[in-house]
Amino acid sequence: MTSPEGPSAAGDGARVAPSPARRSRRGRVDWRKHLEIAVLSGPAVVLFVAFVIFPVVMAAYYGFFKWKGYGPPTEFVGLQNYVTIFQDSTFIDALQHNGFILVMSLVIQGPFAVGLALLLNQKMRGRSLIRVLIFVPYVISEVIVGTGWSLMLQTNGAVNDLLTKIGLESWTVDWLSNPDVAIWSLMIIISWKYIGFAVILFLAGLQSIPEELFEAAAIDGASYWQIQRRITLPLLGPTIRIWAFLSIIGSLQLFDLVYIVWGQYVAATAGTSTMATYMVVNGRNAGNYGFGNAVAVVLFVISLVIALTYQRFVLRRDTEGALTEGKK
């Protein structure tokens, strides 16, 4: 006869605790898993700390000094470098140029790249060749691109010479030095250089959309433009948002093309300077590395704030949709 306090009662009101052998075996499995994660991710973490975190910390440290780039920094100036940055109208102009480039890159490249991707997603003769030709500028070195465009856009360059020969001499302008035109010349160069990346990215997104959706919509009587507006663009949304994020960060950190085409002195007067060119001109080239590090910290903070804000309000729907852990 079984007592009320026997196994049946215990089974009804309480869970049986795992045996010590099972607990020790589970502990060994967890320890092995943690060791595997540490071994596999350790080198990447070390490299990230050494080449990303440590330089940022050191830049923040040197930003509090007036430092010439060699020897230990000794002339502590506190926040004076940062005060000088935001009181300098040249930096404010560079910040505004970055903002203009950011907005216009999204406005110009986005719709144009989506249109090209939709066109090249159709079956047509020479489609592969056209895709390659559109993507070629993206893989060309910035030095080659900047040098080539600077030669073509000079006052006596190929662009003005072509306009003169076809009877449009009144359209010839100083593409590089005129402040009213130079920023648009920069936008032409940037769009020509980077639109191929956007097109390829959007083509990859279009390939992931099932053809059955288009066929079902066509059977229901939807027109081509209704299909693109109701099906293609919404399903292409995550790809567009990722591209926009990359374009925003690239616009904030733009340096090479501006520095190659306009140099260190013309960029500010032509209205094409950026925060990165300002950092190099007033930091390294001026022999004031402490000030340059302070500008780098400001650029890093601005980029970080914009990236986190974009992540919080724009990319959140995509990241939440991709995470399945913890969902029931």
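Because the structure is predicted, anything quoted here is derived from the model rather than measured. (Residues numbered from 1 in each chain as written. Predicted model: local features only at pLDDT ≥ 70, side-chain atom pairs only at ≥ 80, totals over all residues. Heavy atoms only, no water.)

Scanning the chain from terminus to terminus reveals 14 helices and zero strands. The secondary structure elements of the chain, listed N-terminal to C-terminal, are α-α-α-α-α-α-α-α-α-α-α-α-α-α. Burial status across the chain gives 32% buried among its 328 residues. Restricting the contact set of the chain to residue pairs at least 6 apart, pairs at least 24 apart contribute 68%. Carbon and sulfur atoms form 66% of the exposed surface of the chain, whose accessible area is close to 20,500 Å². (Helix = DSSP H or I, 4+ residues; strand = E, 2+ residues; numbered from the N terminus. Buried < 20%, exposed > 50% of the residue type's maximum accessible area, 1.4 Å probe, protein only. Contact = heavy atoms within 4.5 Å. Areas by Shrake-Rupley, 256 points an atom, 1.4 Å probe, with all protein chains shown as cover.)

Before going further, it helps to spend a moment on the pattern of salt bridges. One pass over the full model with this rule turns up two salt bridges. The shortest N-O distance in the salt bridge between D161 and K165 comes to 3.4 Å. Here D161 pairs with K165, and both are found in helix α7 (residues 158-165), just four residues apart, close to one helical turn. The class for K165 is exposed, based on a relative accessible area of 65%. (Salt bridge = Lys/Arg side-chain N within 4 Å of Asp/Glu carboxyl O.)

Turning our attention to the packing of aromatic side chains. This structure, assessed with the given rule, holds 19 aromatic pairs. Geometrically, the ring pair formed by Y138 and Y194 is edge-to-face, given 6.2 Å between the ring centres and 70° between the ring planes. Taken together, the positions of Y138 in helix α5 (residues 127-139) and Y194 in helix α8 (residues 179-207) put the pair 56 residues apart, joining distant regions of the chain. Given a relative accessible area of 30%, Y138 falls into the partly exposed group. Y194 gets classed as partly exposed once you look at its relative accessible area, which sits at 22%. Note on F245 and Y310: the rings are 5.6 Å apart at their centroids and 35° apart in plane angle, and the pair reads as tilted. One end of the pair, F245, is in helix α10 (residues 224-252); the other, Y310, is in helix α13 (residues 289-313), with 65 residues separating them in the sequence. Residue classification places Y310 among the buried residues on the basis of a relative accessible area of 13%. (Phe/Tyr/Trp six-rings, centres within 6.5 Å; stacked < 30°, edge-to-face > 60°.)

Further remarks concern the environment of Y278. Along the chain, Y278 falls in helix α12 (residues 275-284). When the C-alpha atoms of Y278 and V295 are compared, they prove to be 8.1 Å apart, with 17 residues separating the residues in sequence. Among the polar contacts made by the side chain of Y278, one reaches the side chain of D88 at a distance of 2.7 Å. (Polar contact = N/O pair within 3.5 Å; in protein donor to acceptor, adjacent residues only side chain to side chain.)

We now examine the nonpolar core. One finds I85, F91, V199, F202 and L206 to be the most contacted residues of the largest nonpolar core, which totals 39 residues. Mapped onto this core, the elements with two or more residues apiece are α3 (80-87), α4 (89-120), α8, α9 (211-219), α10, α12 and α13. The residues touching F91, leaving out its near neighbours within four places in the chain, are I85, F86, M275, Y278, V295 and V298. Counting residues in hydrophobic clusters, the runner-up holds 22 residues, among them L176, I183, L186 and M187. (Core = buried A, V, L, I, M, F, W, Y, C linked by side-chain atoms within 4.5 Å.)

Turning our attention to the confidence of the model for the chain. When pLDDT is averaged along the chain, the result is 86; 88% of the residues meet or exceed 70. Taken together, the stretch residues 1-11 has pLDDT below 50 and engages in three contacts with residues farther than four places along the chain or on a different chain. (pLDDT = per-residue confidence, 0-100.)

This next bit is on helix α11 (residues 256-270). Between the first and last C-alpha of α11 there are merely 16 Å, a value that for 15 residues lags more than 12% behind the 21 Å anticipated at 1.5 Å per step. Approximately 95° is the largest bend angle found in α11, and it occurs at G263. Taken together, the buried positions of α11 are L257, V258, V261, W262, A267 and A270. Against α6 (142-152), α8 and α12 lie the buried residues of α11. Looking one or two residues past α11, G271 carries a phi angle of roughly 80°, positive in sign. (Expected span 1.5 Å × (residues − 1). Bend = angle between axes of the 7 residues up to and from the residue.)

Locating I242 in the fold gives a position in helix α10. Using a relative accessible area of 39% as the deciding quantity, one classes I242 as partly exposed. In the structure, I242 is positioned 72 residues away from V314 in sequence and 9.5 Å away in space, judged by C-alpha atoms.

In this section: the packing of α6 against α11. In the contact formed by α6 and α11, the axes pass within 9 Å of each other and the chain directions differ by 35°. Helix-helix and strand crossings are classified by hand; for α6 and α11 the assignment is right-handed. In contact with E142, V143, V145, G146, T147 and S150 of α6, α11 contributes D256, L257, I260 and V261. When grouped by side-chain class, the residues that make up the contact of α6 with α11 number five nonpolar, three polar and two charged. (Axes fitted to C-alpha atoms, helices over the stretch in contact; angles between N-to-C directions. Left-handed = near helix turned anticlockwise from the far one by under 90°. Nonpolar A, V, L, I, M, F, W, Y, C, P; charged D, E, K, R; others polar.)

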